[in-house]
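So you can see what is in the structure, the chains are spelled out below.
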Amino acid sequence: MNTDTSLESLLNDFLHITRSLEERVVDENSEPEEWIELLDKRQEHINALTILLSQGIAFTDSQKKSCLQPAYEIDLRIFPIMDQKKKKLESEIINLKKSKAANQQYGDYGNSYSPYGAFFDTKK
C-alpha cells in the first residue's frame, strides 16, 4: 500500500471521526458513554499517525490545512464542553455517594412511615 495514500486516508478518517465526535458532544441529549467508541477510534488513528511520523513521514501543507487544522479547531471547541460534562458527572457521583452513605447510616428511616412525623436519631 502506498504510504501517501494510507496517510491521506488516515487523516481523512481522523477528521471524519473528530467531526462525528463534535456532533455527539455538542448534542445536549448525548451521554459521555456514547463518546467512548469515537474517542477510542480517534486514539487508534492518532497512534497510527504517530507511527508514520516516527518513520519519517511528514505532513504536507495541504494535509495540515485540510485535515489537521480543522481537527485542532474542533478540539478547541469540544474540550471545554467535555470537561464541563465531566465535572457535572463527578458532582452527580459525589451526591450519589453521599446519599448512599446517609441511607446506610440511617437505614430506611427516611423511607418508612413514622407516626410522629419525624424519626428519632438513635445513633450517637
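See the structure shown above.
Here goes a summary of the coordinates provided. Here the structure is a predicted model, which means the values were calculated and not measured.

1. Some remarks on the overall build of the chain
1) Next: Check the secondary structure of the chain and you find three helices and zero strands.
2) Next: Mapped in sequence order, the helices and strands of the chain form the string α-α-α.
3) Next: When each of the 124 residues of the chain is scored for burial, the buried share is 23%.
4) Next: Partitioning the intrachain contacts of the chain with sequence separation of at least 6 by distance along the chain shows that 74% fall at a separation of at least 24.
5) Next: As displayed, the chain offers around 9400 Å² of accessible surface, 53% of which is attributable to carbon and sulfur atoms.

2. Some words on the nonpolar core
1) Next: In terms of nonpolar packing, the biggest core is built from eight residues, these being Ile17, Leu21, Val25, Trp35, Leu38, Ile74, Ile78 and Met82.
2) Next: Elements supplying a minimum of two residues to this core: α1 (3–26) and α3 (61–106).
3) Next: Not counting residues up to four positions away in its chain, the partners in contact with Leu38 are Ile17, Ser20, Leu21 and Arg24.
4) Next: Leu7, Leu10, Leu52 and Cys67 belong to the second largest nonpolar core, which has seven residues in total.

3. What about a negative patch on the surface?
1) Next: On the surface, Asp27, Glu28, Glu31, Glu33, Glu34 and Glu92 cluster together into a patch of negative charge.
2) Next: Tracing the backbone shows Glu28 in the loop between α1 and α2 (36–54).
3) Next: The exposed category is assigned to Glu28, whose relative accessible area is 70%.

4. What to know about the environment of Thr60
1) Next: One can find Thr60 in the loop between α2 and α3.
2) Next: Accessibility expressed as a relative area gives 38% for Thr60, which makes it partly exposed.
3) Next: A C-alpha to C-alpha distance of 10.0 Å links Thr60 and Glu8, two positions 52 residues apart in sequence.

5. Overview of the layout of surface pockets
1) Next: By volume, the largest pocket amounts to about 280 Å³.
2) Next: Taken together, 13 residues make up the lining of the largest pocket; nearest its centre are Glu28, Ser30, Pro32, Lys85 and Lys88.
3) Next: Looking at the lining of the largest pocket, the elements that each hand over two or more residues are α1 and α3.
4) Next: At six residues, α3 tops the list of elements feeding residues into the lining of the largest pocket.

6. Regarding α2
An α-helical turn contains 3.6 residues, so a residue and the one three or four places further along point in the same direction.
1) Next: The terminal C-alpha atoms of α2 lie 27 Å apart, and with 19 residues this matches the ideal 27 Å at 1.5 Å per residue to within 8%.
2) Next: Those residues of α2 that sit buried are Leu38, Arg42, His45, Leu49 and Leu52. Taken down its axis, α2 places every buried residue within 75 degrees of arc, on the same side. Of the exposed residues in α2, those oriented more than 90 degrees away from the buried face are Glu37, Glu44 and Ser54.

7. Quick look at the side chain of Asp75
1) Next: Tracing the backbone shows Asp75 in helix α3.
2) Next: Residue classification places Asp75 among the buried residues on the basis of a relative accessible area of 14%.
3) Next: Not counting residues within four places of it along the chain, the set of residues in contact with Asp75 comprises Thr18, Arg42 and Pro80.

Quick notes on the rules
In every chain, residue numbers begin from 1 and rise along the written sequence. Predicted model: local features are reported for residues with pLDDT of at least 70 only, side-chain atom pairs are reported and counted for 80 or more only, and whole-chain, interface and lining totals are derived from all residues. As a rule here, side-chain values cover all heavy atoms of the structure and leave hydrogens and water aside. Note on conventions: DSSP H or I runs of at least 4 residues are helices, E runs of at least 2 residues are strands, and numbering of each starts at the N terminus. Throughout this description, buried means an accessible area under 20% of the type-specific maximum (1.4 Å probe, protein chains only), exposed means over 50%, and partly exposed covers the range between. Any two residues whose heavy atoms approach within 4.5 Å at even a single point are treated as in contact. Using the Shrake-Rupley algorithm and a 1.4 Å probe, accessible areas are obtained, with residue cover drawn only from the displayed protein chains. Side-chain atoms within 4.5 Å link the members of a nonpolar core, which is a set of buried Ala, Val, Leu, Ile, Met, Phe, Trp, Tyr and Cys residues. Exposure above 30% relative accessible area and no salt bridge define the residues that can form patches, which grow by joining like charges within 9 Å and nonpolar side chains of Val, Leu, Ile, Met, Phe, Trp and Tyr within 5 Å. Put simply, a salt bridge is a Lys or Arg side-chain nitrogen that is within 4 Å of an Asp or Glu carboxyl oxygen. Note that His is not counted, nor are the chain ends; the positive residues are Lys and Arg, and the negative ones are Asp and Glu. A single reference atom marks each charge: NZ on Lys, CZ on Arg, CG on Asp, CD on Glu. Note on definitions: the grid is 1 Å and covers protein atoms alone; a cavity is a set of points where a 1.4 Å probe fits but cannot get out; a pocket is an open set with protein on both sides within 12 Å along at least five of seven lines; lining residues have an atom within 4 Å of a point. Grid points are joined across faces, edges and corners, and a volume is the space filled by probe spheres set on the points. Expected span of a helix: the number of residues minus one, times 1.5 Å. This arc is taken over the directions from the axis of the helix to the C-beta atoms.

Just distances and angles here, no functional claims.
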